Amino acid sequence: MKKTLIMTTALLGTAFAANAAEVTVMSWGGAYTKSQVEAYHKPFTEEMGIAVNSVDADNPATPIKAQVEAGNVTVDVADVEYSDAVRLCDEGLLVELDHSMLPAAPDGTPAAEDFIEGALTDCAVANIVWSTVMAYNTENNENAPDSIDDFFNLADFPGKRGLRKNAKANLEMALMADGVPADEVYAMLETDEGVDKAFAKLDTIKDEVVWWEAGAQPPQLLADGEVVMSTAYNGRIFNAAVGEGQPFEIVWDGQILDFDLFVIPQGAPNMEEAKKFIAFATDTQRLADQASWISYGPARQSSGELVGLYSDGKTEMAPHMPTAAENLENALVNNFEFWADRDTELNERFNAWLAQ
């Protein structure tokens, strides 16, 4: 687990004495953590005089659960996926949050009305809307794939595929590629027949899959030519393509929209600082600021009009957002309750399927 201490020169010295206030924030690493460091961590330290320890994990929900159950919590705030936020809250592993602690929008609209629908839960406050997409390297594909069906089409698009080593998103995409309409996917997955259908579709490419676990891996797999296309987090592909000049393209067809949210684990050592951090990081301006570093949509309505250019000073961010109208034509919103209820069961089956 990588660890960095975010310090600003303005606060060097007595502000960071041994007894100085601090908060430890766990996130996902790579371009995503960088966007949070620039938009949240540095200004929080500058304005509040509280140091931010930034730590990364492949999926922060896993170490959070382990720490709380072991009674040895070292993290104050964690960035987790929606279904994990719901599940961990239901298990009593997270602190319930009073949404009145969140700042209002600039026009005075209360936070509870300003956050987009579903962005606030008993134990979590959303910061971004992101999506799982398929992407490809234009230099490694003679034909340009343009639909989720093409991901499973080895005849016309031969070569290795990258998939996250997890049931979530894979099962949904498999069904959409098999002709199930997006608005019927979760009803289908509620049945044994639907789950069987999804795994049968995954069977058709299983021998050509390279499995990934960390968000930084798909861009690297595409750049190295180890896969011709991969599922990935849209912001990681944007960063590689626009920020680093990689010849990558996103196929928005079949994208799966999701939230990431901030939570506080039970037993967090710096509880008050954690609450201050969440309130600060999810105000209107900070969420808009993050969108200038990575193509994830802000979770507050009032942030939308403040989203402008990428940090390169020339790239308009709006068309690269998963929520852009043209990117939503065949999109699926992750059913958070479904995965909160079925995650363990379906991943057990997924792991058994992998081992076959």
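Residues numbered from 1 in each chain as written. Predicted model: local features only at pLDDT ≥ 70, side-chain atom pairs only at ≥ 80, totals over all residues. Heavy atoms only, no water.

A. Up close: a negative patch on the surface. On the surface, a cluster of negative charge is contributed by D90, E96, D122, E337 and D341. Summarising the element assignment, D341 is placed in helix α13 (residues 336–355). (Patch = residues over 30% accessible without salt bridge, like charges linked within 9 Å, V, L, I, M, F, W, Y side chains within 5 Å. Areas by Shrake-Rupley, 256 points an atom, 1.4 Å probe, with all protein chains shown as cover. Salt bridge = Lys/Arg side-chain N within 4 Å of Asp/Glu carboxyl O. Lys, Arg positive; Asp, Glu negative; His and termini not counted. Charge placed at Lys NZ, Arg CZ, Asp CG, Glu CD. Helix = DSSP H or I, 4+ residues; strand = E, 2+ residues; numbered from the N terminus.)

B. Quick peek at the environment of N327. Here N327 is to be found in the loop between β11 (297–298) and β12 (332–333). Considering only alpha carbons, one finds N327 and M101, 226 residues apart in sequence, at a separation of 34 Å. Setting aside residues up to four positions removed in sequence, N327 forms contacts with W252, Q255, P319, M321 and P322. (Contact = heavy atoms within 4.5 Å.)

C. Looking closely at the state of the cysteines. Evaluated as defined, the whole model comprises one disulfide. C89 shares a disulfide with C123; S-S distance 2.1 Å. Looking down the S-S bond of the C89 and C123 bridge, the torsion is 50°, so its handedness is right-handed. Taken together, the residues C89 in helix α3 (residues 82–90) and C123 in the loop between β5 (120–121) and β6 (124–137) connect sequence positions 34 residues apart. The two residues C89 and C123 agree in class, both being buried. (Disulfide = S-S within 2.5 Å. Buried < 20%, exposed > 50% of the residue type's maximum accessible area, 1.4 Å probe, protein only.)

D. The domain arrangement of the chain, seen in detail. One can read the domain layout of the chain as domain 1 (2–129 + 259–320) and domain 2 (132–257 + 325–355). Its C-alpha centre places domain 1 at a distance of 27 Å from the equivalent point of domain 2. Taken together, the contact pairs 23 residues of domain 1 with 19 residues of domain 2. The contact between domain 1 and domain 2 buries some 1800 Å² in all, and 56% of this surface belongs to carbon and sulfur atoms. Per-residue buried area on domain 1 facing domain 2 is highest for S83, Y296 and Y310; these three make up 24% of the total on that side. Linking domain 1 with domain 2 are two salt bridges. Between R164 and E81 there is a salt bridge, with the nearest N and O atoms lying 3.1 Å from each other. On inspection of domain 1 and its partner domain 2, the count reaches eight residue pairs in polar contact (both at pLDDT 80 or more). Of all the secondary-structure elements, those providing two or more residues to the side of domain 1 that touches domain 2 are α1 (30–48) and α3. (Domains from an automatic or database assignment. Buried area = accessible area lost by both parts, 1.4 Å probe. Polar contact = N/O pair within 3.5 Å; in protein donor to acceptor, adjacent residues only side chain to side chain.)

E. Broad picture of the pairing of strand β4 (residues 77–81). Of all five residues in β4, five are buried; the element is thus mostly enclosed. Burial along β4 is two-sided: the face carrying V77, D79 and E81 and the face carrying A78 and V80 are both buried. The sheet contact formed by β4 and strand β10 (residues 248–263) spans four bridges and is antiparallel. Each residue of the ladder has a partner; that of D79, found in β10, is F262. (Pairing = 2+ DSSP bridges.)

F. Structural detail: the packing of aromatic side chains. All told, the structure shown has 19 aromatic pairs when counted by the stated rule. Between W130 and Y233, the aromatic rings sit 5.2 Å apart at their centres with planes inclined by 85°, giving edge-to-face as the arrangement. Of this pair, W130 sits in strand β6 while Y233 sits in strand β9 (residues 229–233), and the two are 103 residues apart along the sequence. In this structure, W130 and Y233 share a single accessibility class: buried. Plain terms: the ring middles of F338 and W339 are 5.3 Å apart, the flat faces sit at 90° to each other, and that makes the pair edge-to-face. Grouping residues by exposure puts F338 and W339 together as buried. Taken together through their ring pairs, the aromatic side chains of Y40, F44, F262, F277 and F280 make up a single cluster. Against the face of F151 rests R161, its NZ or CZ located 5.9 Å from the ring centre. Its end group placed over the ring of W353, K206 keeps NZ or CZ at 4.5 Å from the ring centre. (Phe/Tyr/Trp six-rings, centres within 6.5 Å; stacked < 30°, edge-to-face > 60°. Lys NZ or Arg CZ within 6 Å of the ring centre and 35° of its normal.)

G. Representation of the pattern of salt bridges within the structure. The tally for this structure, following the rule as stated, stands at 17 salt bridges. Residues participating in the shared-partner salt-bridge network are K65, E69, D84, R87 and E91.

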